[in-house]
Amino acid sequence: DVLKGSTADLVGRRVVVSAGGTREAIDPVRFIGNRSSGLQGYALARTAVARGAEVTLVAANVGLPDPAGARVVRVESAIQLREAVLAAAEGADVVVMAAAVADFRPVRQQATKIKKTPGEPEPIYLTKNPDILAELGETRRKRREEGRPYPEVIVGFAAETDDVLANGRAKLARKGCDLLVVNQVGENLAFGTPDNAAIVLAADGDPVEIPRGPKEDLAGIVWDLVAGRLV
Ligand code: CTP
Ligand code: CA
């Protein structure tokens, strides 16, 4: 079904897709996490395999079976996701950051389980995680000066609740990516559901509106836009 109507426009292309949501450890048994299911990232990976790409899927805490034909690297935290994505991005043509990366992590990870003691609990202090997408954009900008700009296409995802276009545009510029897929949050869309709706913003060009539909369809449109940018 995925293969139906698919083209071979990604043959010989190396693509990296991150999926799922990172977990930031508090102690050996607890973490700060998010609601990302990994469904959209997995749909992107499956579709890219079907279109002939060599796919590395960096999966953060996804409870789904490995997509056939993709190399899967499983990670837990944002730091681990960064390592895996940056390593796979070396020599890759495309990187798609569909993972929900935690913006913050606990400053300190307790080595042993935090016990309930009399009185109020200790606060958990947070620190910022590295921005992987911005780092990819920055790395490419530097490489452009050296005449070897890659990855050729960098795609980010974002969920915005208000001022979708303005916030999306600002984020696209800030991250230095080529395409930003802005999910429309709410009305049972996005998290854990088979459907998605989005607006794809491009660094150069008009926004493309993707109506509500299966995540597989959105994946197909994203790869169409990516393929159109590959020389
Ligand atoms: N992202 C990333 N590293 C982070 C945070 C986000 O690579 N530390 C990537 C996500 O994978 C996504 C894109 O950046 O592709 C946008 O994520 P989003 O959370 O919308 O952006 P932020 O810059 O974190 O801004 P916000 O304050 O809106 O959360
Ligand atoms: Ca964020």
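This is a predicted model, so every value here is computed, not measured.

**Student:** Is there a simple way to think about the sheet that holds strand S5 (residues 71-75) in this case?
**Tutor:** The strands making up a sheet are joined through hydrogen bonds of the backbone, oriented either antiparallel or parallel. An order of S5-S4-S1-S6-S9-S10-S11-S12 is seen for the eight strands of this open sheet, with the pairing classed as mixed. One side of each edge strand has no neighbouring strand; the edge strands of this open sheet are S5 and strand S12 (208-214). Sheet twist, expressed as the average angle between the axes of neighbouring strands with direction ignored, equals 20°. By the bridge criterion, seven bridges tie strand S1 (residues 14-20) to strand S4 (residues 54-60) in an arrangement that is parallel.

**Student:** Got a minute to help me understand the packing of helix H2 (residues 78-89) against helix H3 (residues 132-145) in this structure?
**Tutor:** Orientation of H2 relative to H3, taken along the N-to-C sense of each, is 30°, at an axis distance of 10 Å. On the basis of their axis angle, the class for H2 and H3 is roughly parallel. Along this stretch, H2 crosses H3, giving a crossing that reads as right-handed. Residues Ala78, Leu81, Arg82, Val85, Leu86 and Ala89 of H2 lie in contact with H3, whose contacting residues are Ile132, Glu135 and Leu136. Across the contact of H2 with H3, the residue classes tally to seven nonpolar, no polar and two charged.

**Student:** I would appreciate a short explanation of the layout of surface pockets in the present structure.
**Tutor:** Once rolled over the atoms, a probe with the size of a water molecule shows which space is left empty. In this structure, the largest pocket encloses a volume near 960 Å³. Ala99, Ala100, Val101, Phe157 and Ala158 are the residues nearest the centre of the largest pocket, which is lined by 41 residues in total. Elements that contribute at least two residues to the lining of the largest pocket include exactly S1, helix H1 (39-50), H3, strand S9 (153-160), helix H4 (164-175) and strand S10 (179-184). Tallied by class, the residues present in the lining of the largest pocket amount to 21 nonpolar, 12 polar and eight charged. Approximately 440 Å³ is the volume attributed to the second largest pocket. Among the residues making up the lining of the second largest pocket, the classes are represented as eight nonpolar, three polar and six charged.

**Student:** Before we go on, may I ask you to explain the coordination of the calcium ion (ligand 2) in this structure?
**Tutor:** Around a metal, the ideal angle is 109.5 degrees if four donors adopt a tetrahedral arrangement and 90 or 180 degrees if six donors adopt an octahedral arrangement. Note on the calcium ion (ligand 2): its protein donors are Asp103 (OD) and Asp103 (OD). The metal-donor distances range over 2.5 Å. With respect to the secondary-structure elements, Asp103 resides in the loop between strand S6 (94-97) and strand S7 (104-106).

Quick notes on the rules
Residues numbered from 1 in each chain as written. Chains lettered and ligands numbered in written order. Predicted model: local features only at pLDDT ≥ 70, side-chain atom pairs only at ≥ 80, totals over all residues. Heavy atoms only, no water. Pairing = 2+ DSSP bridges. Helix = DSSP H or I, 4+ residues; strand = E, 2+ residues; numbered from the N terminus. Axes fitted to C-alpha atoms, helices over the stretch in contact; angles between N-to-C directions. Parallel < 35°, antiparallel > 145°, perpendicular 65-115°, else oblique. Left-handed = near helix turned anticlockwise from the far one by under 90°. Contact = heavy atoms within 4.5 Å. Nonpolar A, V, L, I, M, F, W, Y, C, P; charged D, E, K, R; others polar. 1 Å grid on protein atoms, 1.4 Å probe; cavity = no way out; pocket = protein on both sides within 12 Å on 5 of 7 lines; lining within 4 Å. Points joined across faces, edges and corners; volume = space filled by probe spheres on them. Donors = N, O, S within 2.8 Å, 3.2 Å for Na, K, Ca; no water.

Geometric values such as these leave the question of function open.
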